[in-house]
Structure formats: C-alpha cells, structure tokens
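Spelled out from the first residue to the last, the chains are:
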Amino acid sequence: MMANPEWKRVEAHMNRVFRTKDVILKPRAGVKDSMEVYLGPEFLGTVYIDEDEGETSYIFEMAILDIDLEV
C-alpha cells in the first residue's frame, strides 16, 4: 500500500503540518483504505482515504486518552 504515491503525499503533508520529519505512515494488516500514523516509534492514530463523487479526502483520527492529559 505504501507504494501508492498518494500516501507519500499525505505523509509529507502531515510532516509539514506538524513541523517535523518524524511522521511515518505504515500499512495496516489486511486493510487497503487506511494507514497507521506514527511519530517516530509512537503510534498517533489512523488516516483513512475517502472517495466520494470523484473527490478524494483523507481523514486523520487520533484518540487522546485522559492519562495523556496529565502534565
């Protein structure tokens, strides 16, 4: 799945938005419409591809646990 140049573009966009070079998209086992998102070794979430009426968008989903909010 990573061979798809669109996923590389999504990865590059996320690196620009988060001002890093450490965001990596990795394939999900047996799933072709989404990729796992990592910041270095840490799992951040999942990005899904959505194709509707000839338009393509990518949806980034990230869960934030209450224990992660502790300072």
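Conventions adopted
Residues numbered from 1 in each chain as written. Predicted model: local features only at pLDDT ≥ 70, side-chain atom pairs only at ≥ 80, totals over all residues. Heavy atoms only, no water. Pairing = 2+ DSSP bridges. Helix = DSSP H or I, 4+ residues; strand = E, 2+ residues; numbered from the N terminus. Axes fitted to C-alpha atoms, helices over the stretch in contact; angles between N-to-C directions. Contact = heavy atoms within 4.5 Å.

J.: For this particular structure, what's the right way to read the sheet that holds strand 4 (residues 55-61)?
T.: The strands that make up a sheet pair up through hydrogen bonds in the backbone, lying either parallel or antiparallel. Spatially, the four strands line up as an open sheet ordered 1-2-3-4, and their pairing is antiparallel. Each having just a single partner strand, strand 1 (23-28) and strand 4 make up the two edges of the open sheet. Shown here is a sheet whose adjacent strand axes are inclined to one another by a mean of 30°, direction ignored. Judged from the seven bridges that link them, strand 3 (residues 42-52) and strand 4 form a sheet pairing that is antiparallel. The residue bridging D52 from the neighbouring strand is E55, located in strand 4.

J.: So what exactly am I meant to see when it comes to unusual backbone geometry here?
T.: Of all residues except glycine, most have a negative phi; of all peptide bonds, most are trans. Positioned with a positive phi, R19 is a non-glycine residue whose angle comes to about 50°. Not every positive phi belongs to a glycine, and E53 is a case in point at roughly 50°. With respect to the helices and strands, the residue E53 is situated in the loop between strand 3 and strand 4.

J.: In this structure, what is going on with the environment of T20? I would like to understand it.
T.: In this fold, T20 is placed in the loop between helix 1 (5-17) and strand 1. When residues no more than four places from it in sequence are discounted, the contact partners of T20 are N15 and L39.

On their own, these measurements won't tell you what the molecule is for.
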